[in-house]
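Below, each chain spelled out in residue letters.
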Amino acid sequence: MKRIVVVGGSVAAVTTAQSLRVEGYDGQVTALSEESHPPYSRVPLSKGVLAGRDSVESALLPLPSEDIEFRTGLATTADGTDRRYDGLVIATGTGAHRLTGDNDLVVRSLNDASTLAARPAAAHSAIVLGDGFLGMEVAGTCRALRLEATVIDLVPPLLRLLGPWPAELAVAAARDHGIRIRVAPDGLEVLDEHRVRCGESVLTADVIVCAAGDVPNTDWLCCRVAPGAVAAGDVVSSLPHGESARPYRHDPNFRTGQSGLNIKISGELPLTGTPEVPAGWVDGRSALLRWRHDAGTAASVAVTHRLPVIKLKRLGAGVTSAVPARTTRLTQGRDHDLPAFRPLRSARPRPPRRSRGPGRPARQSERVSA
Amino acid sequence: MTRIVVDFDRCEGHGLCEQTAPEVFRLNDEGELHLRRDQVDTEHEGLVAAAVRVCPVAALKVQP
């Protein structure tokens, strides 16, 4: 009997294993996970799970079907057992990039989040090293737990990732949430578990969280080219693309929840220039935004604006879609200037308008088909 | 007979259920999810189970 081995236990691994069954593969399918948990979603780790609002169990995903062997708690390096395969799926994802070593507090796995969630109870302040999506989410969660939160990085928050306009919007929301932001262009140094040197000054906090990016989990691979091997998930970008493999189609989608903003992005980042605003209200931080690139492509961003993801994708792909007709183009600022986003002036923002389809039945939390 | 329970507060219109089981799930032009059939027969049970698993926001459930 043919056997496909999927190495990894997260969303990419489970989806690949399950897709083999959906597509009709009737050989043996085995998924091997290093972690002790069943598959889970990483999305709530830096938010609800870290805040202690959501249980660990709430992050768990449904188990694969019974015709898939799912094994947890296995070391992905040589553990003395050879596992033969006819087809191999590399889906080991990425791990946290650590600045000082294994004792760094990070938010990558469910165990990391549980460990860290136990800390804020006795803490009053936190320093977050890294101001990307994860760092800003963690800082927002710390603020929600009433900790003083300072984010430190070598570059301004989210700037390289998002581009200046959306970064400014997110930073304004972060500052309103009381997150302190320090940029240390000359470098920073972690002195011990409570102190960070940042330029001339030394900052102290009860907890230091490292959110400095991630590294692919490929240490266990003894070679990087082999017949019958494919990859899925975050690990893909670190592996060579085989000559006989079909072209890889990247589907750029991003989402982050931080400082009261829920941001969904469809399209390539970063975004330069100022966007169109097909719907919503930028000052109220609830808007649909679209950037058109010179190459004819577009990117769409929903900021705390309810819009089905598939519609956001269509908008990002430049397909005209039936979004509300009122389109305003922001006139402040030119391309590459500082963003045209103006800080919130009104203390009582207008309630966000929700976009709903015209024939949509009344909303209900559950609709059941018998 | 299997019932599909959709949590519309969670559903964000990713459309993966429709990709997996187009005979059962459909997203309209507005990106809103509709169920094509009221009852899930044995023939579609496997596909529906796969669609439930693939939902990135866990908005779908199957109840016996």
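Look up: the structure comes first, before these words.
What counts and how
Residues numbered from 1 in each chain as written. Chains lettered and ligands numbered in written order. Predicted model: local features only at pLDDT ≥ 70, side-chain atom pairs only at ≥ 80, totals over all residues. Heavy atoms only, no water. Pairing = 2+ DSSP bridges. Helix = DSSP H or I, 4+ residues; strand = E, 2+ residues; numbered from the N terminus. Axes fitted to C-alpha atoms, helices over the stretch in contact; angles between N-to-C directions. Core = buried A, V, L, I, M, F, W, Y, C linked by side-chain atoms within 4.5 Å. Buried < 20%, exposed > 50% of the residue type's maximum accessible area, 1.4 Å probe, protein only. Contact = heavy atoms within 4.5 Å. Right-handed = clockwise from strand over helix to strand, strands pointing away.

This paragraph deals with the sheet that holds strand β1 (residues 3-7) of chain A. Residue and element names in this part refer to chain A. Ordered by their spatial adjacency, five strands build an open sheet running β3-β2-β1-β4-β14, and the pairing between neighbours is parallel. With one partner strand each, in any of the chains shown, β3 (69-71) and β14 (229-231) form the two edges of the open sheet. The mean angle between the axes of side-by-side strands here comes to 15°, regardless of whether they run parallel or antiparallel. Note that β1 and strand β2 (residues 28-32) share five bridges and pair parallel.

Counting 47 residues, the largest nonpolar core has Leu-289 and Val-301 of chain A as the members making the most contacts within it. Per-element tally for this core: the top contributor is helix α6 (residues 164-176) of chain A, with seven residues. Here Leu-289 of chain A is in contact with Trp-165, Pro-275, Glu-276, Val-277, Pro-278, Val-282, Ala-299, Ser-300, Val-301 and Val-303 of chain A, once residues within four sequence places are set aside. Counting residues in each nonpolar core, the second largest holds 19 residues, with Cys-17, Ala-21, Val-24 and Leu-33 of chain B among its members.

This next bit is on the sheet that holds strand β12 (residues 207-210) of chain A. Residue and element names in this part refer to chain A. Taken in spatial order, the four strands line up as β8-β7-β6-β12 in an open sheet, and their pairing is parallel. With one partner strand each, in any of the chains shown, β8 (180-183) and β12 form the two edges of the open sheet. Direction aside, the axes of adjacent strands within the sheet are offset by 20° on average. Note: strand β6 (residues 125-129) against strand β7 (residues 148-153), five bridges, orientation parallel. By the bridge assignment, Val-128 is partnered in β7 with Val-151. Sitting on the sheet, helix α4 (residues 133-144) is in contact with β6, β7, β8 and β12, with an inclination near 165° to β7.

Residue and element names in this part refer to chain A. Counting buried residues in β1 gives five out of five residues, a clear majority hidden from the surface. Here β1 shows two buried faces, one formed by Arg-3, Val-5 and Val-7 and the other by Ile-4 and Val-6. Crossover handedness for the path β1 to helix α1 (residues 11-22) to β2: right-handed. In this structure, β1 lies alongside strand β4 (residues 87-90), joined through four bridges in parallel fashion. Looking at β4, one finds that Val-6 is bridged to Val-89.

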